[in-house]
Amino acid sequence: MKKARYDINIKNFLPHRPPMLMATVTPYLDEDSVITHYEITEDCIFINSKGYLAEAGLIENAAQASTAIVGQSYFDDEDLEGSGNKLVGYISAIKKVEIKKLPKVNELLVTKAKLISRFDTGTMSVCTITSSTFTNDDLIVDCTFNFLIHEV
């Protein structure tokens, strides 16, 4: 069983880079759950004309946060720079998305995800993960995804 990790630089473990990087701080990560933060900036490509983060941006944020749970198992515990492996993840199904409110520029998203199920083949994982996103402790997004994650 892996120990929980704190304050991880998640960008080292995701293939995304700005402006597509939607999870920038990871205060907590363990085998079954993750918490990420993302401050919405004006230069985010998912900002609509009224200054709100669009639905696609909220889904992308939840997906990036969620895949950290399974993706971490492809890296050694001592690899804090994300240099030991290259991964690709795909959303294979969006089982549920409920968007209650669109957040504004400069708001902080706190996304919490939990692993529901996982099947590993050695070089590939198929998993189901639930995710909830909050601003100011208010639930704004609730999702359930299926992912396919594999080594490149």
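Definitions and limits used
Residues numbered from 1 in each chain as written. Predicted model: local features only at pLDDT ≥ 70, side-chain atom pairs only at ≥ 80, totals over all residues. Heavy atoms only, no water. Helix = DSSP H or I, 4+ residues; strand = E, 2+ residues; numbered from the N terminus. Core = buried A, V, L, I, M, F, W, Y, C linked by side-chain atoms within 4.5 Å. Buried < 20%, exposed > 50% of the residue type's maximum accessible area, 1.4 Å probe, protein only. Contact = heavy atoms within 4.5 Å. Pairing = 2+ DSSP bridges. Axes fitted to C-alpha atoms, helices over the stretch in contact; angles between N-to-C directions. Expected span 1.5 Å × (residues − 1). Patch = residues over 30% accessible without salt bridge, like charges linked within 9 Å, V, L, I, M, F, W, Y side chains within 5 Å. Areas by Shrake-Rupley, 256 points an atom, 1.4 Å probe, with all protein chains shown as cover. Salt bridge = Lys/Arg side-chain N within 4 Å of Asp/Glu carboxyl O.

By the naming in an unreviewed UniProt entry, the protein goes by ABC transporter permease and is assigned to Euzebyella saccharophila.

A. View of the environment of Val88. Relative to the elements of secondary structure, Val88 occurs in strand β4 (residues 87-99). When the C-alpha positions of Val88 and Gly71 are compared, they lie 9.0 Å apart, and in sequence the two are 17 residues distant.

B. Examining the nonpolar core more closely. Judged by nonpolar contacts, the single largest core of 36 residues is most densely connected at Leu53 and Ile129. Listed by contribution, the elements that provide at least two residues to this core are β3 (33-39), α1 (55-71), β5 (108-120), β6 (124-135) and β7 (138-151). By residue number, the principal contributor to this core is α1, which donates seven residues. Once you skip the residues sitting within four places of it in the chain, Leu53 turns out to touch Met22, Ile40, Cys44, Phe46, Ile47, Leu58, Leu102, Pro103 and Leu109.

C. Region of the structure containing the environment of Cys143. Here Cys143 shows up in strand β7. Residue Cys143 is classed as buried on the basis of its relative accessible area of 1%. Once the C-alpha coordinates of Cys143 and Lys50 are considered, the two residues, 93 residues apart in sequence, prove to be 24 Å apart.

D. How the structure looks around the sheet that holds strand β1 (residues 5-8). The strand order across the open sheet formed by seven strands is β1-β2-β3-β5-β6-β7-β4, and the pairing between neighbours is antiparallel. Of all the strands in the sheet, the pair left with one neighbour each is β1 and β4. Recorded for the sheet is a direction-independent mean angle of 20 degrees between the axes of neighbouring strands. As paired elements, β5 and β6 share ten bridges and run antiparallel to each other.

E. Broad picture of α1. For α1, spanning 17 residues, the distance from its first C-alpha to its last is 24 Å, which sits close to the expected 24 Å at 1.5 Å a residue. Of all 17 residues making up α1, 15 are buried, and the element is well covered by its neighbours.

F. Structural detail: a nonpolar patch on the surface. A cluster of nonpolar residues, Ile91, Ile94 and Val97, forms a patch on the protein surface that exposes about 210 Å² of accessible area. By secondary structure assignment, the location of Val97 is in strand β4. Classification of Val97 as partly exposed rests on a relative accessible area of 31%.

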